[in-house]
Amino acid sequence: MATNLAVDDALIEEARKIGNKRTKKAVVTEALEEYVQRRKQVRILDIFHTVDYDSTYDYKKSRNRP
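Okay, so let's go over this structure. Here the structure is a predicted model, which means the values were calculated and not measured.

### What to know about the overall build of the protein chain
Part 1: For the protein chain, the count of helices and strands is two helices and zero strands.
Part 2: Over its C-alpha trace the protein chain gives a radius of gyration of 22 Å, far above what one expects of a compact globule, namely 11 Å for 66 residues.
Part 3: Counting only C-alpha atoms and orienting by the principal axes, one finds that the protein chain spans roughly 60 × 30 × 25 Å.
Part 4: Within the protein chain, the fraction of its 66 residues that count as buried is 3%.
Part 5: Summing over all exposed atoms, the protein chain offers an accessible surface of approximately 7,000 Å²; the carbon and sulfur share of this is 54%.

Okay, here's the thing in structure tokens:
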């Protein structure tokens, strides 16, 4: 999908050099992948303390050994 973006050329060039990328497209693609990954991690952290658990549950009792 072709998309036109107005992005700071100096910023793109700096990111290209730091990331050792050959093209602007590669820089933007990697940046978007990192952005999505980071947002997913934040969502996971948001739900981290929302799971209830039974402190009396004994997982060893539920094991089936022959």
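### Let's talk about the packing of helix α1 (residues 9-18) against helix α2 (residues 24-47)
Part 1: The contact between α1 and α2 brings their axes to 9 Å, and the two run at 85°. By the criterion of interaxial angle, the relationship of α1 to α2 is roughly perpendicular. In contact with D9, I12, A15 and R16 of α1, α2 contributes K24, V27 and V28.
Part 2: Per-class residue counts for the contact of α1 with α2 are four nonpolar, no polar and three charged.

### As for the layout of surface pockets
Part 1: In this structure, the largest pocket encloses a volume near 310 Å³.
Part 2: Lining the largest pocket, in full, are M1, A2, T3, L5, V7, D9, I12, K24, K25, V28, T29 and L32.
Part 3: Only α1 and α2 provide two or more residues apiece to the lining of the largest pocket.
Part 4: Tallying contributions element by element places α2 first for the lining of the largest pocket, with five residues.
Part 5: Among the residues forming the lining of the largest pocket, the class breakdown is seven nonpolar, two polar and three charged.

### Structural notes on the pattern of salt bridges
Part 1: Enumeration according to the criterion identifies three salt bridges in this entry.
Part 2: The partner of K21 in a salt bridge is E30, and the shortest N-O contact between them spans 2.8 Å.
Part 3: Among the residues examined, E30 registers a relative accessible area of 27% and is labelled partly exposed.

### Side note on α1
Part 1: Along α1, only one of the 10 residues are buried, which leaves the element largely exposed.
Part 2: For α1, the side-chain oxygen to backbone nitrogen distance between the N-cap and A10 is 3.1 Å, and the N-cap itself is D8.
Part 3: Looking one or two residues past α1, N20 carries a phi angle of roughly 55°, positive in sign.

Criteria and thresholds
- Residues numbered from 1 in each chain as written.
- Predicted model: local features only at pLDDT ≥ 70, side-chain atom pairs only at ≥ 80, totals over all residues.
- Heavy atoms only, no water.
- Helix = DSSP H or I, 4+ residues; strand = E, 2+ residues; numbered from the N terminus.
- Rg over C-alpha atoms; globule rule 2.2 N^0.38 Å.
- Buried < 20%, exposed > 50% of the residue type's maximum accessible area, 1.4 Å probe, protein only.
- Areas by Shrake-Rupley, 256 points an atom, 1.4 Å probe, with all protein chains shown as cover.
- Axes fitted to C-alpha atoms, helices over the stretch in contact; angles between N-to-C directions.
- Parallel < 35°, antiparallel > 145°, perpendicular 65-115°, else oblique.
- Contact = heavy atoms within 4.5 Å.
- Nonpolar A, V, L, I, M, F, W, Y, C, P; charged D, E, K, R; others polar.
- 1 Å grid on protein atoms, 1.4 Å probe; cavity = no way out; pocket = protein on both sides within 12 Å on 5 of 7 lines; lining within 4 Å.
- Points joined across faces, edges and corners; volume = space filled by probe spheres on them.
- Salt bridge = Lys/Arg side-chain N within 4 Å of Asp/Glu carboxyl O.
- Polar contact = N/O pair within 3.5 Å; in protein donor to acceptor, adjacent residues only side chain to side chain.

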